[in-house]
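# Report on the structure
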Amino acid sequence: MKKVTSFPVSVSDTATPTAPHIDKEILPQVGQEFMQLEHDEILRRLKGLEALIAQLEAGKSMASQITSSIDGMLEHTRSHFLCEEDSMKRFHYLPRGSHKAEHEEFLTEMNAALDQWKTSQNLSALKLYFLVQVPAWFMQHLNSTDLVTSRFLAQQRHFTYK
């Protein structure tokens with residue numbers, strides 16, 4: 001087992017776990033349409049990245065397409081997190097600091113994974129991070145932090161997303 005130093009994953013040179021498949025039907029419904037639409041988009045982007053990785057492994061895709069896909073996912077995720085954080089701030093959601101900290105840690109890891117991909121082209125590390133760790137984090141975050149936040153937002157009498 002070799003240690004990947006750019007972000008916290010251990011990668012075997014001979015085997016990479018397969019991605020946990022998340023279908024839209026099992027995606028947690030958090031109750032706020034603006035959040036749900038963004039979560040659906042993240043899922044779409046993860047599935048697109050998975051398809052590009054499979055194409056690269058079959059010799060039908062280029063690494064630059066994967067880089068572009070991750071860049072887009074990172075930008076979308078950053079924008080989504082900012083929208084959530086703005087809503088939490090506007091409605092004085094007290095645990096917003098810890099929610100935002102989860103976002104920041106995730107973005108730091110995703111940036112590190114992208115940087116490592118750009119420099120090493122280590123497909124095993126890329127697959128482990130984006131097809132295993134990201135979906136696991138995503139489901140955990142939706143089922144806990146986002147669910148609680150969306151319930152709080154739903155209780156606000158005049159909540160409208162702009």
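So, a few notes on the structure that sits alongside this text. All residue numbers refer to positions counted from 1 along the written sequence of the respective chain. Selection of residues for local features in this predicted model requires a pLDDT of at least 70, selection of side-chain atom pairs for listing and counting requires 80 or more, and totals for whole chains, interfaces and linings are taken over all residues. In computing side-chain values, all of the structure's heavy atoms are included and hydrogens and water are not.

## What about the overall build of the chain?
Helix and strand content of the chain: 4 helices and 2 strands. Strands here are runs of E lasting at least two residues and helices are runs of H or I lasting at least four, both read from the DSSP assignment and numbered beginning at the N terminus. When the helices and strands of the chain are read in sequence order from the N terminus, they spell out β-β-α-α-α-α. Three labels apply to residues, based on accessible area from a 1.4 Å probe with only protein chains included: buried if under 20% of the type maximum, exposed if over 50%, partly exposed otherwise in between. Looking at the 162 residues of the chain, the share that counts as buried comes to 44%. Of all intrachain contacts in the chain linking residues separated by at least 6 positions in sequence, the fraction that spans at least 24 positions is 74%. What sets the accessible areas is the Shrake-Rupley method with a 1.4 Å probe; for residues, cover comes only from the shown protein chains. For the chain, the accessible area works out to roughly 8800 Å², and carbon and sulfur atoms hold 54% of it. Two residues form a contact once any of their heavy atoms are found within 4.5 Å.

## With respect to the packing of helix α2 (residues 63-90) against helix α3 (residues 96-120)
Every axis corresponds to a line fitted to the C-alpha atoms, with the helix fit spanning only the stretch in contact, and the corresponding angles, defined between N-to-C directions, vary from 0 to 180 degrees. At a minimum axis separation of 11 Å, α2 and α3 run at an interaxial angle of 170 degrees. Overall, the two elements α2 and α3 adopt an arrangement that is roughly antiparallel. By the convention adopted, Pro, Cys, Tyr, Trp, Phe, Met, Ile, Leu, Val and Ala count as nonpolar, Lys, Arg, Asp and Glu as charged, and the other residues, Gly among them, as polar. Classifying every residue of the contact of α2 with α3 gives 12 nonpolar, 5 polar and 8 charged. Relative orientations are named as follows: roughly parallel for angles under 35 degrees, roughly antiparallel for angles over 145 degrees, roughly perpendicular for angles from 65 to 115 degrees, and oblique for any other angle.

## Details of the environment of Phe106
With respect to the helices and strands, the residue Phe106 is situated in helix α3. Note: C-alpha distance between Phe106 and Thr77 (29 residues apart in sequence) is 9.7 Å. Contact partners of Phe106, with chain neighbours within four places excluded, come to Thr77, Phe81, Tyr129, Val134 and Trp137.

## Here's the deal with the side chain of Thr77
Secondary-structure assignment places Thr77 in helix α2. Contact partners of Thr77, with chain neighbours within four places excluded, come to Ile42, Phe106, Leu107 and Met110.

## Concerning the packing of aromatic side chains
Pairing of aromatic side chains here covers Phe, Tyr and the six-membered ring of Trp, requires ring centres within 6.5 Å, and sorts the geometry by plane angle: under 30 degrees stacked, over 60 edge-to-face, intermediate tilted. Summed over the entire model, instances satisfying the criterion amount to 5 aromatic pairs. A ring pair is formed by Tyr129 and Phe130, whose centres lie 4.9 Å apart and whose planes are at 90 degrees; its orientation type is edge-to-face. The same class applies to Tyr129 and to Phe130, which are both buried.

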